[in-house]
Amino acid sequence: MTSIVQDSTVTLHFTIKMKDGSVADSTHNMGKPAKLVIGDGSLSDNFEQCLLGLSAGDNKAIELAAADAFGMPNPDNVHYMDRAKFVGDAEVEVGTIMAFSGPDGMEIPGIITEIAGDSVTVDFNHPLAGQDVTFEVEILSVE
């Protein structure tokens, strides 16, 4: 049986739970497992270290502090935009998550956190930044 090592391609199901036990995200809801390569930078080093040595069929709950999960909120990721930039059918209201074009053309999700007059505050930090979470993983295959 193959164990997870550096550069392994891993197919897994995961569920991210908050401290209160609520589910923030789950591949089970999407009906499709996630696939990743250990060491490609898509996971934090600490999270990868917790996966090393696991094999197909293994289940593990991994508790991650905020800094090791999605990082801490970065004030540089909060932007103030002119309300006039928000045109069309999209409702501009606090709590709305919208997609914005980043400098490289990639779409970046931002959440509207405040509206004051003509100024709209958009937070581009990951929605789970600053949160301690538990990843429940189920390893499906290791290549």
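Residues numbered from 1 in each chain as written. Predicted model: local features only at pLDDT ≥ 70, side-chain atom pairs only at ≥ 80, totals over all residues. Heavy atoms only, no water.

Caption draft 1: Highlighting the overall build of the protein chain. What the protein chain contains, in helices and strands, is three helices and nine strands. Secondary structure elements of the protein chain occur, N-terminal to C-terminal, as β-β-α-β-α-β-α-β-β-β-β-β. Seen through its principal axes, the protein chain has C-alpha atoms that stretch 60 × 35 × 30 Å. Expressed as a percentage of the 143 residues in the protein chain, the buried residues total 35%. Put simply, 63% of the contacts in the protein chain that link residues at least 6 apart link residues at least 24 apart. Of the roughly 8600 Å² that the protein chain leaves accessible, carbon and sulfur atoms contribute 50%. Put simply, the protein chain has 7 plus and 23 minus side-chain charges, and the middle of one group is 4 Å from the middle of the other. (Helix = DSSP H or I, 4+ residues; strand = E, 2+ residues; numbered from the N terminus. Buried < 20%, exposed > 50% of the residue type's maximum accessible area, 1.4 Å probe, protein only. Contact = heavy atoms within 4.5 Å. Areas by Shrake-Rupley, 256 points an atom, 1.4 Å probe, with all protein chains shown as cover. Lys, Arg positive; Asp, Glu negative; His and termini not counted. Charge placed at Lys NZ, Arg CZ, Asp CG, Glu CD.)

Caption draft 2: Looking closely at the sheet that holds strand β8 (residues 119-123). In space, the four strands of this open sheet follow the order β5-β8-β7-β6, with antiparallel pairing throughout. Each end of this open sheet is capped by a strand with a single partner; those strands are β5 (78-82) and β6 (97-101). Across the sheet, the mean angle separating the axes of adjacent strands is 45° when strand polarity is ignored. When strand β7 (residues 107-116) meets β8, the two strands line up antiparallel, connected through five bridges. By the bridge assignment, I111 is partnered in β8 with D123. (Pairing = 2+ DSSP bridges. Axes fitted to C-alpha atoms, helices over the stretch in contact; angles between N-to-C directions.)

Caption draft 3: View of the packing of aromatic side chains. Applying the stated criterion to the full structure yields five aromatic pairs. Ring plane angle 35° and centroid distance 4.4 Å describe the contact between F47 and F135, whose orientation is recorded as tilted. Residue F47 is located in helix α2 (residues 45-51), and its partner F135 is located in strand β9 (residues 133-142); the two are separated by 88 residues in the primary sequence. The two residues F47 and F135 agree in class, both being buried. Note on F86 and F100: the rings are 6.0 Å apart at their centroids and 85° apart in plane angle, and the pair reads as edge-to-face. Of the two residues, F86 sits in the loop between β5 and β6 while F100 sits in strand β6, which places them 14 residues apart along the sequence. On the accessibility criterion, F86 (13% relative accessible area) is buried. (Phe/Tyr/Trp six-rings, centres within 6.5 Å; stacked < 30°, edge-to-face > 60°.)

Caption draft 4: Quick peek at the side chain of T11. Secondary-structure assignment places T11 in strand β1 (residues 9-18). Contacts of T11, omitting those with residues within four sequence positions, involve P33, A34, K35, E138, I139, L140 and S141.

Remember that the coordinates give geometry; whether it matters functionally is a separate question.
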